[in-house]
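Summary of structural features
The primary structure of each chain is shown beneath.
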Amino acid sequence: MAYYAGDWIPQPLTVLQDEERQALLDWHPIFTGRCPACETPIPQTDPPQREWNCDHCGWHWTKK
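Residues numbered from 1 in each chain as written. Predicted model: local features only at pLDDT ≥ 70, side-chain atom pairs only at ≥ 80, totals over all residues. Heavy atoms only, no water.

**Digging into the packing of aromatic side chains**
- Evaluation of the coordinates by the stated rule reveals 2 aromatic pairs.
- Judged by centre distance (6.1 Å) and plane angle (80 degrees), the rings of tryptophan 27 and tryptophan 59 are edge-to-face. With tryptophan 27 in helix H1 (residues 18-27) and tryptophan 59 in the loop between strand E3 (51-53) and strand E4 (60-62), this residue pair connects regions lying 32 residues apart in the sequence.
- Given a relative accessible area of 17%, tryptophan 59 falls into the buried group.
- Consider the rings of tryptophan 27 and tryptophan 61, whose centres lie 6.2 Å apart with planes at 80 degrees: the pair is edge-to-face. Note that tryptophan 27 is positioned in helix H1 and tryptophan 61 in strand E4, a separation of 34 residues in sequence.
- What makes tryptophan 27 partly exposed here is its relative accessible area of 31%. (Phe/Tyr/Trp six-rings, centres within 6.5 Å; stacked < 30°, edge-to-face > 60°. Helix = DSSP H or I, 4+ residues; strand = E, 2+ residues; numbered from the N terminus. Buried < 20%, exposed > 50% of the residue type's maximum accessible area, 1.4 Å probe, protein only.)

Now the structure itself:
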């Protein structure tokens, strides 16, 4: 469990390995600001969105 910018962030029950965490940081638009499929910028929102869509190539990701 953790806090981010003063907000309580509940942690998922699944535990990611270090390699999985690094991969997520390398490709997810919340960290990169870009679509992982075509590199088109994806606007950030506050709070971060639960669904990510690329209008350019149609890439889609939904937080489970």
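**Considering unusual backbone geometry**
- Along the chain, aspartate 46 connects to proline 47 via a cis peptide bond; the corresponding omega equals 5 degrees.
- For proline 47, the position within the fold is in the loop between helix H2 (29-32) and E3.
- Positive phi is not limited to glycine here, since glutamate 39 has a value of about 70 degrees.
- Looking at the secondary structure, you find glutamate 39 in the loop between H2 and E3.
- For glutamate 39, a relative accessible area of 47% translates into the label partly exposed.

**So, the pattern of salt bridges**
- What the rule picks out here adds up to 1 salt bridge.
- A salt bridge links arginine 21 to aspartate 18, with the nearest nitrogen and oxygen atoms 3.2 Å apart. Residue arginine 21 and its partner aspartate 18 are both found in helix H1; the two are separated by 3 residues, about one turn of the helix.
- Note on arginine 21: relative accessible area 41%, which makes it partly exposed. (Salt bridge = Lys/Arg side-chain N within 4 Å of Asp/Glu carboxyl O.)

**Quick notes on the nonpolar core**
- In terms of nonpolar packing, the biggest core is built from 5 residues, these being Cys35, Ile42, Trp52, Cys54 and Trp59.
- If we skip the residues at most four places from it in the chain, tryptophan 59 touches Trp27, Pro29, Cys35, Pro36, Ala37, Ile42, Trp52, Asn53 and Cys54. (Core = buried A, V, L, I, M, F, W, Y, C linked by side-chain atoms within 4.5 Å. Contact = heavy atoms within 4.5 Å.)

**Re the state of the cysteines**
- Enumeration according to the criterion identifies 0 disulfides in this entry.
- The thiol of cysteine 35 is unpaired, and the distance to the nearest cysteine sulfur, on cysteine 57, comes to 3.7 Å.
- Accessibility expressed as a relative area gives 0% for cysteine 35, which makes it buried.
- For cysteine 57, a relative accessible area of 39% gives the class partly exposed. (Disulfide = S-S within 2.5 Å.)

Function cannot be read off these values alone, since they describe shape.
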